[in-house]
Amino acid sequence: MELIKQLAALAGLQDSYVHAQGHTEVIDLDKQQTILLAMGFDLSSEQTIQQQIDQLTEQPWLEVIPPVTVCEYGQPVQVRLQQLQHAAVSDWQWQITTEDLQVFSGKISVNASDIAAKQQTRQGVVLAANLSIDVSLELGYHQLEFSSGVHTYQQQLIVTPQRCFQLHDKAVLHKTFGPAIQLYAVKSARNWGIGDFADLQQMVATLAVQGVDFIGLNPLHALYPELPQDCSPYSPNSRLWLNTEYVALEMTEEYSFCLEAQRLFDSADFQQRLQQARSCSDVDYVSVAALKKQISVLLFQQFKQQHLQQDTVRAKQFQRFVQDSGDSLRQLAIHQVLQGQLFEQDWSMAAWQNFPTELRDPSSQAVADFAHQHQDAIDRLLYLQWQAQQQLADVKRACQKHGMAIGLYCDVAVGASRSSAESWGAPEDFLMNLSVGAPADIMAPKGQNWGLLAYNPRTLRQKAYKPFIDLIQANMRYAGALRLDHVMALLRLWCCPIGTDATAGAYIRFPAADLFAILALESQRNSCVVIGEDLGTVPVEISHLMAQYQVLSYRVFMLEQKAGSYDHAAQTYPELALATVTTHDMPTLVGYWQQHDLALRHQLDLFPNAQVADSLHQLRADEKQLMSQRLQLTEGDFASLIHKSHLFAAQQPAKLLAFQLEDLLLMETPVNIPGTSTEYPNWQRKLVKNIDEILADTSVKQLIDAIRQARH
């Protein structure tokens, strides 16, 4: 038992945590064992457990220099040098190559006074020296080489700022606001049954005139074009690339030249199917994907004939995009085609873990042969990704042109799907046999298992945090603000063995200080405000790190129905926060007031027992009574409920305020019910009106104007 506890601690597995209700929960030893097995540890005997304890204890001491050092700008560059005492070298040469290829070099000697620690290992005594290099480095990613004359060691040196970017850094001093939109849910007379980047661009001018400074979006991550029913934006195929179903195909350059695509689009059959897709109250992802695939095949053939075969300037631009995008994009496109082909043969092959053995490794000859045989299909997806990037870049430029202080407020999912192209391309980056979720709280009394992958913290460090850096860079590319879903993931993640529910989980720790520092670096470089979604079970360390790095907190009016939240509203919705009335994971305000969410939870059996259900019903009654008193509401007057709750939130000090269009339209049904997958049609419900009608609606315009006045 004691050995299991030691191994768990060394593996970063926490044996207890503070529950959302304030009491300490201890993780049973059998659960710890199951999670350790899922992490790849051998628990077959005490001897093997002890060997792994010894290995984990000694491994950090046997690194001559660590693979990465994160240091703050303006502080001395500190390097930890570790040597076996019997082979220690005193004189070393160092060289730093900055990211802009500037080179610094020098010599350094290790003196007895530099020795900071000693550790006995099976290879002998290790001496650890903390050495300071006298060099001033700019922010960024630099390479350090340490050479003894016989051996050379390398390290990534990351120099970071003290905090994230803030709007006042570019002289934006007013409090900002904007809508939070599920892009797929947007209806318009021209889109194909799913909101797209053309819809998004057409919103910008109208909203900017009304004083809006940002448009909030659901994650735009790449999904599964050959399995369109897998539609959750929070269960992505790749968080590094975009969902190409958002491409407005008729807005591409190829469409204007492709007579075949135009004839197909204008045909009676296609138009009938298109109207059916538009008229659905929920997004019909399968129909939309079929329509878009038909046209995109023709558009790519047009591009191939007109440009690739003629080696035009436009062809070269595409080829440069593919080359610059690296392995992750090509692997995504191959995975999407391969998954679709295999899924047609056997539905279980939606997961790459069930692919034929020779196709599970993207670097295998079998995958290379498949890619060669299906080059057109793969290139079509690369072409669509190129178009997606261009159209979203156009939206960003439109936001800037119309004077939005922030522009696009994007969202990054906490993890990728287990069967994703992300994990297929680099399974070593993830804890493949664990699934991310959350312990029980008021929003999900049974806890949550999201079926997502967590990074492997050991691999993350060995790769000098490159997977995390790539993730943040990709998602800040077009964003003026970025929301990190479940920001606690930078410190710890609730992980459950595959096939179990959330009650079988425990927390695994991550190098939060380094990850927050890197986040600040990318935030400053991209002039991008960072919001951390800190709902649920929030440890004190996260709150401290968010405050230190000025990551905005996420404050939800619907979750703050306590007397103190009204009496001390400035503390509840502080300046360093984004305030919102409700979120995509909660009922709409009208649905909340009518308790539709509680009725749905009964219907879907989401309450662990009758006592929890009764307590939540009583809590709702108390919350409604408090809201009625404080906002002076009249029962049944939903327009007044929406107006007064939004104005209350708008008047608070929080730098950002987001509102849901669903609330302004008095919609009742939620977009997502946490803790469900197939039980409820999550991520499908559309807005009830076309977007141009919504933004021209007098009541909507009046409320937006009232919010603007309250914010300014």
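Refer to the structure presented above.
Conventions used here
Residues numbered from 1 in each chain as written. Predicted model: local features only at pLDDT ≥ 70, side-chain atom pairs only at ≥ 80, totals over all residues. Heavy atoms only, no water. Axes fitted to C-alpha atoms, helices over the stretch in contact; angles between N-to-C directions. Helix = DSSP H or I, 4+ residues; strand = E, 2+ residues; numbered from the N terminus. Parallel < 35°, antiparallel > 145°, perpendicular 65-115°, else oblique. Left-handed = near helix turned anticlockwise from the far one by under 90°. Contact = heavy atoms within 4.5 Å. Buried < 20%, exposed > 50% of the residue type's maximum accessible area, 1.4 Å probe, protein only. Arc of directions from axis to C-beta. Core = buried A, V, L, I, M, F, W, Y, C linked by side-chain atoms within 4.5 Å. Salt bridge = Lys/Arg side-chain N within 4 Å of Asp/Glu carboxyl O. Polar contact = N/O pair within 3.5 Å; in protein donor to acceptor, adjacent residues only side chain to side chain. Pairing = 2+ DSSP bridges.

A. Looking closely at the packing of helix H6 (residues 259–266) against helix H8 (residues 285–308). Packing of H6 against H8 leaves a shortest axis separation of 8 Å and a crossing angle of 165 degrees. If you check the angle between H6 and H8, you find them roughly antiparallel. Note on packing geometry: the crossing formed by H6 with H8 is right-handed. On H8, the residues touching Glu-260, Ala-261, Leu-264 and Phe-265 of H6 are Gln-294, Ile-295, Leu-298 and Leu-299.

B. Structural detail: helix H16 (residues 540–549). Every buried residue belonging to H16 is among Ile-542, Leu-545, Met-546 and Tyr-549, and all of these are buried. Projected onto a plane normal to the axis of H16, the buried residues spread over an arc of 100 degrees and lie on a single side. Along H16, the residues that are exposed and aim more than 90 degrees away from the buried face are Val-540, His-544 and Ala-547. Two residues or fewer after H16 comes Gln-550, characterised by a positive phi angle close to 55 degrees.

C. Highlighting the nonpolar core. Formed by 211 residues in total, the largest nonpolar core has its most connected members in Leu-36, Leu-200, Ile-215, Leu-408 and Phe-516. With 12 residues, the single largest contributor to this core is helix H11 (residues 375–401). Look past the residues within four positions of Leu-408 in its chain and what remains in contact with it is Leu-200, Ile-215, Leu-217, Leu-392, Val-395, Cys-399, Tyr-478, Ala-479, Gly-480 and Ala-481. Grouped together as the second largest cluster of nonpolar side chains are 20 residues, Ile-65, Val-77, Ile-96 and Val-110 included.

D. Just the pattern of salt bridges, in detail. According to the stated counting rule, one finds 30 salt bridges in the structure shown. The residue Arg-483 makes a salt bridge to Glu-533 at a minimum N-O spacing of 3.7 Å. A residue pair is termed long-range when its members are at least 10 positions apart, and Arg-483 in strand S18 (residues 481–484) and Glu-533 in the loop between strand S21 (529–532) and H16 qualify at 50 residues. Each of Arg-190, Asp-196, Asp-199 and Glu-250 takes part in a single network of salt bridges with overlapping partners.

E. Representation of the side chain of Glu-533. Its relative accessible area of 8% is what places Glu-533 among the buried residues. In this structure the side chain of Glu-533 is engaged in a polar contact, spanning 3.0 Å, whose partner is the backbone nitrogen of His-486. Ignoring anything within four residues of it in the chain, the contact list for Glu-533 reads Arg-483, Leu-484, Asp-485, His-486, Val-487, Met-488 and Tyr-554.

F. Local environment of helix H20 (residues 596–603). Here H20 has its buried residues at Asp-597, Leu-598, Leu-600 and Arg-601. Here the buried residues of H20 occupy an arc of 160 degrees about the axis, which is enough to place them on one side. Residues of H20 that are buried in the fold lie against helix H19 (589–593) and helix H21 (610–631). Of the residues one or two after H20, Asp-605 is the one with positive phi, at around 60 degrees.

G. Quick look at the pairing of strand S19 (residues 492–497). With respect to burial, S19 is a largely interior element, 6 of its 6 residues being buried. Of the two faces of S19, the one carrying Arg-492, Trp-494 and Cys-496 and the one carrying Leu-493, Cys-495 and Pro-497 are both buried. Note that strand S16 (residues 434–438) and S19 share 4 bridges and pair antiparallel. Bridged to Val-436 within S19 is Cys-495. Judged from the 4 bridges that link them, S19 and strand S20 (residues 506–509) form a sheet pairing that is antiparallel. Each bridged residue has a counterpart across the sheet, and for Cys-495 the counterpart in S20 is Ala-506.

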